[in-house]
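# Inside the fold
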Amino acid sequence: MPLPVVLWLSIALVAVSQVMILRSTVRAMRAAESEQARRGIEWAYAVVPVIVLLLVLVATWQASQEHALRLGLEASANQSVAP
Amino acid sequence: MTAPAAAVPREPSLARDLIALTKPRIISLLLLTTLAPMFVAGTPSWATILWTGIGGYLMAGGANAVNMYLDRDIDHVMARTKLRPIPSGRMAARAVLAFGIAIATAATWLLGHFVNVLTAALALSGFYFYVFVYTRWLKRTTPQNIVLGGAAGAFPPLVGWAAVTGRVDLASLYLFLIIFYWTPPHFWALALLKQRDYGKAGVPMAPNIWGEHETIDQMLWYTLLLIGLSALPVTFGVFGMFYFVSAIVLGGILLEGVWRIRRLAARGESWIPVAWKVYKYSLLYLALLFVAMAIDRHI
């Protein structure tokens, strides 16, 4: 499977799953009938991993671009060396 | 005719209790997730492997002992923990605390002296996170305790990586995140089975607060997220095809187990045997995934 396909399929899976986790957490908080302040804290707990994940995904996209560029340069170098 | 050896209970001893305080069975997986990343990061010397392994064991063991000290008021309530050295009266609480701090201090010195300062700092951060953030703060206050608390168990790969490279980078962050996102489906499978115990102890685990349905739903989404996340290091060249196929197959088996729990729960049928299988398989999943990482880098 080409690497860009793996990249975008994985990012889509991660993003959809994370949104569904947030939705489920909000639903669970409402059903638990916790007080407003408690809900705010629970919401913060749910959002912290999302922020970290977003940063890591951006770094992954940059790293995968660099990796693709490196692979491209290696391939062209090999072609120019070949008789 | 003599009775079978297995029927004779082992006599408690101080040495056995001290080892029990460190939770050796749990640490074996933590050690694997420390040592396997060392072979992903490079080719570590035997001395680095030895000191990181000893330091890692002592640090995690110290955290577990301090955890048992802090949880001494609820450990006697739960069937799973009532035979531990403090609730069973075999050891004084203060002695357990002193033991935990002593071996964690020894671990910090060993790692700092024989490996490097970053490795010692990361291992100590894991200790503090487990003791103060998870046990002291999150465990008894939120049903998301093991989601954020999962970060404590995710430090070992950072420790192993730093021991070899002297730094933390994107690849090592992925190993951290894989354990972080593996923790909810792993631990909630156990929490579903031990709901009554956690309820008696007043620990707000997700199944007790959110209910079974919502917890199982989240287990499914966390497993899907884990599969996507475990595939991503392939895209920037850290791992190759062997790891990619292993991650997808191992993740697929975990997903199938969680899906079966969800289906049985939706039908109102018993999901208990499947939840046990998922809990046990999740341990195997993490071990095999990290072994696959190490193999992939060396083939």
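Starting afresh in each chain, residues are numbered from 1 along the sequence in its written order. A letter from A marks each chain and a number from 1 marks each ligand, given out in the order of writing. Totals for whole chains, interfaces and linings use all residues, but because this is a predicted model, local features are given only for residues with pLDDT of at least 70 and pairs of side-chain atoms are given and counted only at 80 or more. Side-chain numbers here rest on the full set of heavy atoms in the structure, without hydrogens or water.

### Regarding the interface of chain A and chain B
Put simply, the rule reads: Contacts are assigned to residue pairs with any non-hydrogen atoms lying within 4.5 Å of each other. A simple way to read buried area is as the amount of 1.4 Å-probe accessible surface that goes missing from two parts once joined, with both sides added. Any Lys or Arg side-chain nitrogen located within 4 Å of an Asp or Glu carboxyl oxygen qualifies as a salt bridge. Strands here are runs of E lasting at least two residues and helices are runs of H or I lasting at least four, both read from the DSSP assignment and numbered beginning at the N terminus. Classes in brief: Ala, Val, Leu, Ile, Met, Phe, Trp, Tyr, Cys and Pro nonpolar; Asp, Glu, Lys and Arg charged; the others, Gly included, polar.
The interface of chain A with chain B comprises 32 residues on the first partner and 31 residues on the second. Interface of chain A and chain B: buried area, both sides summed, is about 2,700 Å²; carbon and sulfur atoms make up 70% of it. Looking at the side of chain A facing chain B, the largest losses of area belong to I21(A), Y45(A) and V56(A), adding up to 20% of the total buried there. The tally of links between chain A and chain B comes to two salt bridges. Residue R27(A) is joined to E214(B) by a salt bridge in which the shortest nitrogen-to-oxygen separation is 2.6 Å. Mapped onto the side of chain A that touches chain B, the elements with two or more residues apiece are helix 1 (3–31) and helix 2 (36–81) of chain A. Looking at side-chain class alone, the side of chain A that touches chain B contains 20 nonpolar, eight polar and four charged residues.

### Topic: the domain arrangement of chain B
All names here are of chain B. Quick reminder of the rule: Here the limits of each domain have been adopted from an automatic or database domain assignment.
In terms of domains, chain B is made up of domain 1 (12–168) and domain 2 (169–299). Contacts between domain 1 and domain 2 engage 34 residues on the former and 36 residues on the latter. The three residues of domain 1 that bury the most area against domain 2 are V40, P143 and I146, which together make up 20% of that side's buried surface. For the interface between domain 1 and domain 2, the tally reads one salt bridge.

### Observations regarding the confidence of the model for chain B
Selection criterion: The quantity known as pLDDT measures the predictor's confidence residue by residue, on a range of 0 to 100.
Chain-level statistics for chain B give a pLDDT mean of 94 and a share of 97% at 70 or above. Predicted confidence for residues 1–7 of chain B stays below pLDDT 50, and this span has zero contacts to residues more than four positions away or in other chains.

### Quick word on helix 7 (residues 145–153) of chain B
Rules: Per-residue accessibility, obtained with a 1.4 Å probe over protein chains only, is compared with the maximum for each type, and a residue is labelled buried under 20%, exposed over 50%, and partly exposed between these values.
The element helix 7 of chain B is extensively covered by neighbouring structure, given that eight of its nine residues are classed as buried. N145(B), I146(B), V147(B), L148(B), G149(B), G150(B), A151(B) and A152(B) are the residues of helix 7 of chain B that are buried.

### Focus on the packing of aromatic side chains
The relation between two aromatic rings is expressed through the spacing of the ring centres and the mutual angle of the planes. Residues and elements named next belong to chain B. The following threshold applies: Working definition: a ring pair exists when centres of Phe, Tyr or Trp rings (six-membered ring for Trp) sit within 6.5 Å. Plane angles under 30 degrees give stacked, over 60 give edge-to-face, the rest tilted. Counted as over-ring charges are cases with an Arg CZ or a Lys NZ within 6 Å of the ring centre that also lie within 35 degrees of the ring normal.
Evaluated as defined, the whole model comprises 17 aromatic pairs over all chains. With centroids separated by 5.7 Å and ring planes inclined at 75°, the aromatic side chains of F127 and Y128 adopt a geometry described as edge-to-face. Measuring from centroid to centroid gives 6.2 Å for F129 and F155, while their planes differ by 45°, and the two rings are tilted. A residue pair is termed long-range when its members are at least 10 positions apart, and F129 in helix 6 (residues 117–138) and F155 in helix 8 (residues 155–165) qualify at 26 residues. Residue class for F129 comes out partly exposed when judged on its relative accessible area of 22%. Grouping aromatic residues by their ring pairs yields a cluster made of F129, F155, F176, F180, Y181, W188, W210 and Y222. In this structure, R72 is placed above the aromatic ring of Y69, and the distance from its NZ or CZ to the ring centre is 4.1 Å.

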